[in-house]
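Topology and contacts: notes
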Amino acid sequence: MSHTNITEEHRRAFEALTSGRFDNSCPVSCFVDGEATAAITAVTVSPPAQDGGGNPEYLISPLFVCPTRAMTLTDHEGRKS
């Protein structure tokens, strides 16, 4: 039986990064479980308020997190990769 943790959302994020159709991805410094790392993110800008006041807000959506030293990658059988 085949198992996967890869969701359709993961596939869409990967396609967006590799297709060349989008130019709004960038690395962002962050923390995972308190450990320093980086995430590959999509950055979009929300429209300014309807009254024209205020600054636009940047929305940062993580797509993939870079490995940390504490992360252990295993397969579905628990074997380290």
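Everything below is about the structure printed above this text.
Residues numbered from 1 in each chain as written. Predicted model: local features only at pLDDT ≥ 70, side-chain atom pairs only at ≥ 80, totals over all residues. Heavy atoms only, no water.

A short note on the pairing of strand E2 (residues 35-45)
Look at any regular strand and the pattern is simple: side chains alternate between the two faces of the sheet. Bridge count between strand E1 (residues 25-32) and E2: eight bridges; the pairing is antiparallel. Bridged to Ser25 within E2 is Ala42. Remark: two residues form the turn of the hairpin made by E1 and E2, two consecutive strands paired antiparallel; Asp33 in that turn has positive phi of roughly 50 degrees. Across seven bridges, the pairing between E2 and strand E3 (residues 58-65) is antiparallel. Within E3, the residue paired with Val45 across the bridge is Tyr58. (Pairing = 2+ DSSP bridges. Helix = DSSP H or I, 4+ residues; strand = E, 2+ residues; numbered from the N terminus.)

Quick word on the sheet that holds E1
If you walk across this open sheet you meet the three strands as E1-E2-E3, and the pairing is antiparallel. Each edge of the open sheet is held by one strand with a lone partner, namely E1 and E3. With direction set aside, neighbouring strand axes in the sheet form an average angle of 45 degrees. Contacting E1, E2 and E3, helix H1 (residues 8-19) runs over the sheet at an angle of about 105 degrees to E3. (Axes fitted to C-alpha atoms, helices over the stretch in contact; angles between N-to-C directions. Contact = heavy atoms within 4.5 Å.)

Observations regarding the state of the cysteines
As used in these notes, a disulfide is a covalent bond between sulfur atoms, one from each of two cysteines. On inspection of all chains with the given rule, the structure shows zero disulfides. Cys26 forms no disulfide, and the closest cysteine sulfur to it belongs to Cys30, at a distance of 11 Å. Lacking any disulfide linkage, Cys30 is separated from the closest cysteine sulfur, that of Cys66, by 7.5 Å. (Disulfide = S-S within 2.5 Å.)

Here's the deal with the environment of Ala70
Inspection of the secondary structure puts Ala70 in the segment after E3. Separated by 38 residues in sequence, Ala70 and Val32 place their C-alpha atoms 9.7 Å apart.

Let's talk about the layout of surface pockets
The computed volume of the largest pocket comes to approximately 270 Å³. His10, Pro62, Leu63, Phe64, Val65, Cys66, Pro67, Met71, Thr72 and Leu73 together form the lining of the largest pocket. It is E3 that contributes the most residues to the lining of the largest pocket, four residues altogether. Here the lining of the largest pocket is built from residues that sort into eight nonpolar, two polar and no charged. (1 Å grid on protein atoms, 1.4 Å probe; cavity = no way out; pocket = protein on both sides within 12 Å on 5 of 7 lines; lining within 4 Å. Points joined across faces, edges and corners; volume = space filled by probe spheres on them. Nonpolar A, V, L, I, M, F, W, Y, C, P; charged D, E, K, R; others polar.)

With respect to the environment of Met71
Take Met71: it is sitting in the segment after E3. Expressed as a C-alpha distance, the spacing of Met71 and Glu35, which sit 36 residues apart in the sequence, is 9.9 Å.

These figures come from the coordinates and say nothing about function on their own.
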